[in-house]
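Tertiary structure, described
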Amino acid sequence: MAATIKYDEVEAGQEIPAVEYPVRRVNLVMYAGASGDFNPIHWNERFATSVGLPDVIAHGMFTMAEAGRFVTDWAGDPAAVVDYGVRFSSMVVVPDDENGATLVVSGVIEEKLEDKRVLVALTARSGDSRVLSKARAVVQLS
Amino acid sequence: MALNRDFLGRAYASSVPYEVSRVKIKEFAAAIGDTNPIYRDREAAVAAGHPDVVAPPTFPIIFSLSGAGEALSDPEFGLNFAMVVHGEQRFSYQRPIYAGDQLICTSTISEIRSVGRNEFLTVKSDITTVGGEQVCTTYNVIVERGGAA
């Protein structure tokens, strides 16, 4: 197992280009089934609005998974992620239309660590909202 | 209602091991829209140097609160689920999770603090194999809105 990105070829401050991830209602239904989180705020508009939400919202863990995918795709090996943490700072509202919502994830290499590891700071946005904060991954490079 | 601080430090182990299957990893990867063959195809995973298909980094969310579920729903604890939101989440790996792993999850109520009107609860979960090998530590911060009011 090995990341395709080499430690010696990256620098602190280097940006990882943004990737867009579409979020449709069907993705939330699939995530509910796969994760076992069937909270109706993630699939039932009637329930979501009854508890004061603007509409159905994505699972925070779905958003975290998409930002994780951004890191594993960049690194080239899912097993290269040795530490990954986020704070959920804003909700991702997913309307029941053709477009749903769009997550835009980008990153920057914040620090080069020992043992060929790097600390990657992630930014995840939906519309004007920053939906994750303190999002950081430690990645084992080659 | 404030959370019952008597629960601080209490640990709960899952009663049966969680058996990581290729099918579940594939289902989870499909749900997050990730087409990486290392999640789906054993041969591709082996060719990349892994013993079997690898679980995505956030996969342990499926079972990492299973042990603590009993405590969190205990009326004595005082957690109102209707007011709960997920505040923070972290996974710290000692090694990757692979299909075929049999995992035991021991969850500890490691911190309870009031911030303004809200209660912040941290559940730390140590995930090991049935043989005792350390695999992953997860930290789940749950926010009970209005709980400290």
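The rules behind these values
- Residues numbered from 1 in each chain as written.
- Chains lettered and ligands numbered in written order.
- Predicted model: local features only at pLDDT ≥ 70, side-chain atom pairs only at ≥ 80, totals over all residues.
- Heavy atoms only, no water.
- Helix = DSSP H or I, 4+ residues; strand = E, 2+ residues; numbered from the N terminus.
- Buried < 20%, exposed > 50% of the residue type's maximum accessible area, 1.4 Å probe, protein only.
- Contact = heavy atoms within 4.5 Å.
- Phe/Tyr/Trp six-rings, centres within 6.5 Å; stacked < 30°, edge-to-face > 60°.
- Expected span 1.5 Å × (residues − 1).
- UniProt positions renumbered as here; feature names shortened; annotations may be inferred.
- Axes fitted to C-alpha atoms, helices over the stretch in contact; angles between N-to-C directions.
- Parallel < 35°, antiparallel > 145°, perpendicular 65-115°, else oblique.
- Left-handed = near helix turned anticlockwise from the far one by under 90°.
- Nonpolar A, V, L, I, M, F, W, Y, C, P; charged D, E, K, R; others polar.
- Salt bridge = Lys/Arg side-chain N within 4 Å of Asp/Glu carboxyl O.
- Buried area = accessible area lost by both parts, 1.4 Å probe.
- Polar contact = N/O pair within 3.5 Å; in protein donor to acceptor, adjacent residues only side chain to side chain.
- Pairing = 2+ DSSP bridges.

**So, the overall build of chain B**
Secondary structure summary: chain B contains three helices and six strands in total. Secondary structure elements of chain B occur, N-terminal to C-terminal, as β-β-α-α-α-β-β-β-β. Across its three principal axes, chain B shows a C-alpha extent of roughly 55 × 30 × 20 Å. The burial tally for chain B puts 50% of its 149 residues in the buried class. Here the analysis covers contacts within chain B between residues at least 6 apart in sequence; of these, 70% occur between residues at least 24 apart.

**Quick word on the packing of aromatic side chains**
All names here are of chain B. Scanning all chains against the criterion turns up seven aromatic pairs over all chains. Summarising the aromatic geometry, the rings of phenylalanine 7 and phenylalanine 77 are spaced 4.9 Å apart at their centres and angled 45° between planes, so their arrangement reads as tilted. Note that phenylalanine 7 is positioned in the segment before β1 (11-13) and phenylalanine 77 in the loop between α3 (69-72) and β3 (84-93), a separation of 70 residues in sequence. Each member of the pair, phenylalanine 7 as well as phenylalanine 77, is classed as buried. Centroid distance phenylalanine 59 to phenylalanine 63: 6.4 Å. Interplanar angle 65°. Geometry classified as edge-to-face. Among the residues examined, phenylalanine 59 registers a relative accessible area of 0% and is labelled buried.

**A word on helix α3 (residues 60-75) of chain A**
All names here are of chain A. In a regular helix each residue adds 1.5 Å, so 16 residues correspond to 22 Å; α3 covers 23 Å between its end C-alpha atoms and thus fits that length. Burial runs high along α3: 14 of the 16 residues are buried. Phi for glycine 76, located one or two positions after α3, is positive at around 90°.

**Digging into the UniProt feature "domain: MaoC-like" (unreviewed entry) in chain A**
As annotated in UniProt, the feature "domain: MaoC-like" (unreviewed entry) corresponds to residues 13-115 of chain A in the numbering used here. Structurally, residues 13-115 of chain A is divided into 32% helix and 28% strand, and its ends, taken at the C-alpha atoms, are 19 Å apart.

**Digging into the environment of B:Thr122**
Residue and element names in this part refer to chain B. Within the secondary structure, threonine 122 is located in strand β5 (residues 118-129). Sequence separation of threonine 122 and aspartate 74 is 48 residues, and the distance between their C-alpha atoms is 16 Å. Discounting chain neighbours no more than four positions away, the residues touching threonine 122 are Thr108, Ile109, Ser110, Glu111, Asn140 and Val141.

**Topic: the packing of helix α1 (residues 25-35) of chain A against helix α1 (residues 22-31) of chain B**
Viewed as axis vectors pointing N to C, α1(A) and α1(B) meet at an angle of 155°, and their least axial separation amounts to 8 Å. Taken together, the axis directions place α1(A) and α1(B) in an arrangement best described as roughly antiparallel. For the crossing formed where α1(A) meets α1(B), the hand is left-handed. Where α1(A) approaches α1(B), its residues A:Asn27, A:Met30, A:Tyr31, A:Gly33 and A:Ala34 are matched on the opposing element by B:Lys24, B:Glu27, B:Phe28, B:Ala30 and B:Ala31. Residues of the contact of α1(A) with α1(B), tallied by class, amount to six nonpolar, two polar and two charged.

**Details of the pattern of salt bridges**
Considering all chains together, one arrives at 14 salt bridges over all chains under this definition. A:Glu45 is the partner of A:Arg25 in a salt bridge, and the nearest nitrogen-oxygen pair spans 3.1 Å. Note that A:Arg25 is positioned in helix α1 and A:Glu45 in helix α2 (residues 45-50), a separation of 20 residues in sequence. Among the residues examined, A:Arg25 registers a relative accessible area of 16% and is labelled buried. Judged by its relative accessible area of 36%, A:Glu45 is partly exposed. For B:Asp126, the salt bridge goes to B:Lys124, with nearest N and O atoms at 3.5 Å.

**Some remarks on the interface of chain A and chain B**
For interface size, the figure often reported is the accessible area lost on association. On the side of chain B, 29 residues touch chain A, which itself brings 27 residues to the contact. Contact between chain A and chain B buries roughly 2,300 Å² in total, counting both sides, with carbon and sulfur atoms accounting for 57%. Summed over the shared surface of chain A and chain B, the result is two salt bridges. Between B:Arg90 and A:Asp83 there is a salt bridge; the shortest N-O distance is 2.7 Å. Summed over the shared surface of chain A and chain B, the number is 11 residue pairs in polar contact (both at pLDDT 80 or more). Of all the elements in the fold, those that place two or more residues in the side of chain A that touches chain B are α1, α3 and β2 (81-88) of chain A. Classifying every residue of the side of chain A that touches chain B by side-chain character gives 16 nonpolar, five polar and six charged. Bridge count between β2(A) and β3(B): five bridges; the pairing is antiparallel. In the sheet register, A:Arg87 faces β3(B), and the bridge partner there is B:Glu88.

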